[in-house]
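# Structure assessment
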Amino acid sequence: MNVLVIGSGGREHVLCWKLAQSARVDKVYCAPGNAGIKQHAECVDLPVDKLEALADFAVSHQIDFTVVGPEAPLCAGIVDLFRSRGLKIFGPTQAAARLEGSKDFAKAFMVKHHIPTAQSATFTHQIGAVEYIAKQFDRGARGVVVKADGLAAGKGVLVAYDPDSAIDFVSDCFNGAFGSSGKKILIEECLFGEEASILALTDGKTIVPLASAQDHKRAFDNDEGPNTGGMGAYSPAPVVDAAMMERIQSEILTPFLKGIQADKLDYKGIIFVGIMITDDGPKVLEFNVRFGDPEVQAVLRRFEGDLLDVMQKTVDGRLDEAELRWNDQPAVCVVLASGGYPEHYEKGFPIFGLEAAGATGAIVFHAGTAEKCGEIITAGGRVLGVTALGATITEAIDKVYEAVDLIEWDDCFCRRDIGFRALARPKK
Ligand code: AMP
Ligand code: GLY
């Protein structure tokens, strides 16, 4: 079978790596891919927003199955387009992708289907939003969260612990900082607790969680600095023990499934639920209609089945027959980023030490890399994700940093504390 993966990040690298291992896969293509993906797939010079060109490519290259990495093409309707041309594709339709594309839509869905989440109000005018923020703090709120309604490349959310910064962010939103995405905003109750990422497969009839994971969203150690796409992850997340997983299944995943059925949202793909484990139980922070990155790098490192088989069963409505097997060993992924990320950063630096890092047994998944004159160079903010397994989380962390320390380029940085929450938990 020929498989096409759409995207160019660490997520797409791990997907290509895993799909290429399937005995039934003859060839993997990736559009547009990156310098590391070339080891497992033929990279095709097509951007992710050229939906018609991607469909033409899939037809002309006899692609049997397509997997979409990022949210933008899903929200733009790539699944509907591919299906209309008789092509099999993994992911939600455009209508269902609104669960990520519009935070207001997602919030209404959660309220309607009794899925626990932060209280929130939606505003299309600045003045009402400002009054509401002042009222929340007057009532003793310790914080509020301001969210631009539409896609904003992970930048449209501010957790504010004082009214002034919340109000400044509201004014940025209405002044076009996030384009049309910021013309409608949500102001949410600030939740406190530990976050976890639950990725679950659904074919619309069944919903099956993958192994749990935890991301590290802030740029710097001790969760300081700005929010990023994610600076590292590990799986499993001990905060999601068996009892918590049961609650997540019964309070979030099952109502989600019933909700998409009741609302006739056609969803055959992965749903990634960002969850805050609060004192009142698990609450949804956001839905994403694609694999989380870097979570997926840690999660799929532990996945032992045939990913293509599982994905095909998802698309064919036979997810109940799929077999998910996991390596018991924890996996830790550390992201290496360009100095300055998530703000301004330079690109084009040669990367050294990739082979030596790989020789430790860790796997280096590429995100923002390119090849120039036979050299691998930096080409993005998040550049690499290094992932290692270990008998314990401590061993996995030691192994991953052993590999990370062998890699360098001008202005490279990473967090040194990935996994700190798991380490801090009392040993059972
Ligand atoms: P989102 O894009 O909605 O996931 O928000 C990005 C990040 O902001 C989340 O991963 C959380 O760290 C934080 N966040 C979002 N919503 C809330 C909330 N209601 N309370 C506390 N933190 C939040
Ligand atoms: N790591 C979070 C995300 O993929 O949105």
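Structural data are supplied above this passage.
Let me begin by describing the structure that accompanies this report. (Residues numbered from 1 in each chain as written. Chains lettered and ligands numbered in written order. Predicted model: local features only at pLDDT ≥ 70, side-chain atom pairs only at ≥ 80, totals over all residues. Heavy atoms only, no water.)

### So, the site of ligand 2
Surrounding ligand 2, one finds Asp215, Lys217, Gly229, Phe272, Arg290, Gly292, Asp293, Pro294 and Glu295. Here Asp215 contributes a side-chain N or O atom positioned 2.8 Å from a nitrogen atom of ligand 2. Note that an oxygen atom of ligand 2 is positioned 2.8 Å from one of the side-chain N or O atoms of Arg290. Alone, ligand 2 offers 200 Å² of accessible surface; in the complex the protein occludes 89% of this. A class-by-class count of the residues in the shell around ligand 2 yields two nonpolar, two polar and five charged. (Near = heavy atom within 4 Å. Polar contact = N/O pair within 3.5 Å; in protein donor to acceptor, adjacent residues only side chain to side chain. Areas by Shrake-Rupley, 256 points an atom, 1.4 Å probe, with all protein chains shown as cover. Nonpolar A, V, L, I, M, F, W, Y, C, P; charged D, E, K, R; others polar.)

### Description of empty space enclosed by the protein
Overall, the coordinates contain three cavities of 30 Å³ or more when judged by the stated rule. Where the lining of the largest cavity is concerned, the elements lending two or more residues are α5 (94-101), α6 (103-112), β9 (185-189) and β17 (281-288). Take the lining of the largest cavity: its biggest share by element is four residues, from α6. (1 Å grid on protein atoms, 1.4 Å probe; cavity = no way out; pocket = protein on both sides within 12 Å on 5 of 7 lines; lining within 4 Å. Points joined across faces, edges and corners; volume = space filled by probe spheres on them. Helix = DSSP H or I, 4+ residues; strand = E, 2+ residues; numbered from the N terminus.)

### Here's the deal with the side chain of Lys147
If you trace the backbone, Lys147 turns up in strand β7 (residues 144-148). Owing to a relative accessible area of 6%, Lys147 belongs among the buried residues under this scheme. Side chain to side chain, Lys147 and Glu188 meet in a polar contact 3.3 Å long. A polar atom in the side chain of Lys147 sits 3.0 Å from the backbone oxygen of Leu285. In this structure, Lys147 is in contact with Lys103, Gly156, Val157, Lys184, Ile185, Leu186, Glu188 and Leu285, ignoring residues within four places of it in sequence. (Buried < 20%, exposed > 50% of the residue type's maximum accessible area, 1.4 Å probe, protein only. Contact = heavy atoms within 4.5 Å.)

### A word on the environment of Met311
Assignment of secondary structure puts Met311 in helix α11 (residues 307-315). A C-alpha to C-alpha distance of 28 Å links Met311 and Lys107, two positions 204 residues apart in sequence. The contacts of Met311, once residues within four sequence positions are left out, are Leu15, Leu19, Phe65, Val67, Phe90 and Phe291.

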